[in-house]
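# Fold and contact review
In case you want the letters, here they are:
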Amino acid sequence: MDGFEKSFEDVDVRSEYIEQSINSSTAAGMPEEQVESLLQQVADEHGLEFQTKMNAAVPFTELATQQQQQAAAQPQMAQVGSLGEAEEDQLAERLRKLREQSS
């Protein structure tokens, strides 16, 4: 069993080394300008507006922060005003009953 574990660890180390070598050679061998050119070419062939959409994209974390700020800026009472009259009556009746029970 020890021999199997040792062999498994050796294979794992070797495969990790090979993967790192491939990744570094691929990243170093492909200039960024060529990648962008290829992406633009594919986008042009399919009628996509890749570059303009990429430049205009808002990072997810920034979008979430903006939404949180907007939610915090809106007063909570604005949500209550959107209730229908029947819903307000039902809530008022429930509140009255709860107050009677607690008295």
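Let me sum up the structure you'll find in this document. (Residues numbered from 1 in each chain as written. Predicted model: local features only at pLDDT ≥ 70, side-chain atom pairs only at ≥ 80, totals over all residues. Heavy atoms only, no water.)

## Re the overall build of the protein chain
To keep it simple, the criterion reads: What counts as a helix is a DSSP run of H or I of at least four residues, what counts as a strand is a run of E of at least two, and both are numbered from the N terminus. Residue exposure (1.4 Å probe, protein chains only): buried if accessible area is under 20% of the type maximum, exposed if over 50%, otherwise partly exposed.
Summing up its helical and strand segments, the protein chain has six helices and zero strands in all. Relative to its 103 residues, the protein chain shows a buried fraction of 1%.

## A word on helix α2 (residues 32-45)
As a reminder of what qualifies: In this scheme, a helix's expected span is set at 1.5 Å multiplied by one less than its residue total.
Between its first and last C-alpha, α2 extends 20 Å over 14 residues, near the 20 Å set by a 1.5 Å rise per residue. Within two residues after α2, G47 carries a phi angle of roughly 70°, on the positive side.

## Notes on the packing of aromatic side chains
Aromatic ring pairs are defined here through the distance separating the ring centres and the angle between the ring planes. Which entries qualify depends on this criterion: Pairing of aromatic rings covers Phe, Tyr and the six-membered ring of Trp, with a centre-to-centre limit of 6.5 Å; geometry is then stacked below 30 degrees between planes, edge-to-face above 60, and tilted otherwise.
Counted under the stated rule, the structure contains one aromatic pair. For the ring pair F4 and F8, a centre distance of 6.3 Å and an interplane angle of 25° mean the geometry is stacked. One end of the pair is F4 and the other is F8, both in helix α1 (residues 2-29) and four residues apart, which spans about a single turn.

## A short note on a negative patch on the surface
Note the following rule: Note that patches include only residues with greater than 30% relative accessible area and no salt bridge, and the join distances are 9 Å for like charges and 5 Å for nonpolar side chains (Val, Leu, Ile, Met, Phe, Trp, Tyr). Using a 1.4 Å probe, accessible areas were evaluated by the Shrake-Rupley method; residue-level cover was limited to the displayed protein chains. Each reported salt bridge corresponds to a side-chain nitrogen of Lys or Arg within 4 Å of a carboxyl oxygen of Asp or Glu. His residues and chain termini do not enter the charge count, which takes Lys and Arg as positive and Asp and Glu as negative. Where a charge lies is defined by one atom per residue type, namely NZ (Lys), CZ (Arg), CG (Asp) and CD (Glu).
A cluster of acidic residues, D2, E5, E9, D12, E16 and E19, forms a negative patch on the protein surface. By secondary structure assignment, the location of E9 is in helix α1. Exposure remark for E9: the relative accessible area of 49% places this residue in the partly exposed category.

## Focus on a nonpolar patch on the surface
Together, M1, F4 and F8 line one region of the surface with nonpolar side chains, adding up to about 440 Å² of accessible area. F8 sits in the exposed class, given a relative accessible area of 57%.

## Quick notes on the pattern of salt bridges
If charged atoms from side chains of opposite charge come close, those side chains can pair. Scanning all chains against the criterion turns up three salt bridges. E93 is the partner of R96 in a salt bridge, and the nearest nitrogen-oxygen pair spans 2.1 Å. On the criterion of helical spacing, the pair formed by R96 and E93 is a turn pair, its members being three residues apart in helix α6 (residues 85-102). In this structure R96 comes out as partly exposed when scored by relative accessible area, which is 38%. By relative accessible area, E93 is classed as partly exposed at 32%. Residue E100 pairs with R96 through a salt bridge whose shortest N-O separation is 2.4 Å. In this pair, E100 and R96 both sit in helix α6, four residues apart, roughly one turn of the helix. A cluster of three or more residues bridged by salt bridges with shared partners is formed by E93, R96 and E100.

These figures capture arrangement, not role.
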